[in-house]
Amino acid sequence: GRFVVVGIYRDNEVSASHPLAVKVSELDHEPNINITKIALGGMIGDDVNEMISESLRLPLRLTSSLSKVVHKKTDGNPLFVVEFLHSLVKEKLLYFSLTSKRWSWEADVIDLKCLKDDVAKLLTRKLLNLPPKMLEGLKCASCFGSQIFTSTLLCLSDVKSIDSKSID
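The notes below deal with the structure included here. If you're wondering where the values come from, they're calculated on a predicted model, not measured in any experiment. (Residues numbered from 1 in each chain as written. Predicted model: local features only at pLDDT ≥ 70, side-chain atom pairs only at ≥ 80, totals over all residues. Heavy atoms only, no water.)

Focus on the packing of aromatic side chains
The description of an aromatic ring pair uses the distance of the two centres, along with the angle that the planes make with each other. By the definition in use, this model includes one aromatic pair. Seen from their ring centres, Phe-96 and Trp-103 are 5.9 Å apart, and the 80° between their planes marks the pair as edge-to-face. We classify Phe-96 as partly exposed; its relative accessible area is 41%. (Phe/Tyr/Trp six-rings, centres within 6.5 Å; stacked < 30°, edge-to-face > 60°. Buried < 20%, exposed > 50% of the residue type's maximum accessible area, 1.4 Å probe, protein only.)

Written as structure tokens, this is what we have:
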């Protein structure tokens, strides 16, 4: 019989001495076990352009200038692309024009935008905009590891429900 295991982890967060890395190394030396490792990097410029084109419902040729700047600023990191676009909308650097009835931007102005160092800083800014009780709950939740049930988070934060709009 065959058995397939798919594991996902961030290689920059797992050192060679980490239990997962040790186990993978052990299994890799077993004669009847085949391990295939696939490293994922950032999206290429064309993929960023396609993502932005589909999101803004505009042809690829029209989103090209924006996509080039976004790719340059984010190195194609999908999470950072999305967060960067959200920040552009919030700062009105990417806006829906009622006159032209489509999304508009000035790529040169966006290119001058001073980008924070990394995704972590951008997400930290988002976290600081959460309601104080929610933020306190998340601080407690961080002690539980990388995953937590919503019900546990609600108990920790003393909030009645989580509104996804309050997290945006």
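What to know about the nonpolar core
Ranked by size, the top nonpolar core spans 17 residues in total, and within it Leu-66, Val-70, Leu-88, Trp-105 and Ile-110 carry the most contacts. With four residues, helix α4 (residues 78-90) is the largest single contributor of residues to this core. The contacts of Val-70, once residues within four sequence positions are left out, are Val-48, Ile-52, Val-81, Phe-84 and Leu-85. (Core = buried A, V, L, I, M, F, W, Y, C linked by side-chain atoms within 4.5 Å. Helix = DSSP H or I, 4+ residues; strand = E, 2+ residues; numbered from the N terminus. Contact = heavy atoms within 4.5 Å.)

As for the layout of surface pockets
A volume near 1,800 Å³ is recorded for the largest pocket. Forming the boundary of the largest pocket are 35 residues, of which Gly-7, Ile-8, Tyr-9, Arg-10 and Ile-38 lie nearest the centre. Where the lining of the largest pocket is concerned, the elements lending two or more residues are α1 (19-28), α4 and α6 (119-128). Residue composition of the lining of the largest pocket, grouped by class: 19 nonpolar, nine polar and seven charged. (1 Å grid on protein atoms, 1.4 Å probe; cavity = no way out; pocket = protein on both sides within 12 Å on 5 of 7 lines; lining within 4 Å. Points joined across faces, edges and corners; volume = space filled by probe spheres on them. Nonpolar A, V, L, I, M, F, W, Y, C, P; charged D, E, K, R; others polar.)

Digging into the side chain of Thr-63
Note that Thr-63 resides in helix α3 (residues 60-74). In this structure, Thr-63 is in contact with Asn-49, Ile-52, Ser-53, Leu-56, Leu-58 and Trp-105, ignoring residues within four places of it in sequence.

A word on the environment of Val-6
Checked against the element boundaries, Val-6 lands in the segment before α1. Taking the relative accessible area as the measure of exposure, Val-6 reaches 70% and is therefore exposed. In the structure, Val-6 is positioned 29 residues away from Ile-35 in sequence and 9.9 Å away in space, judged by C-alpha atoms.

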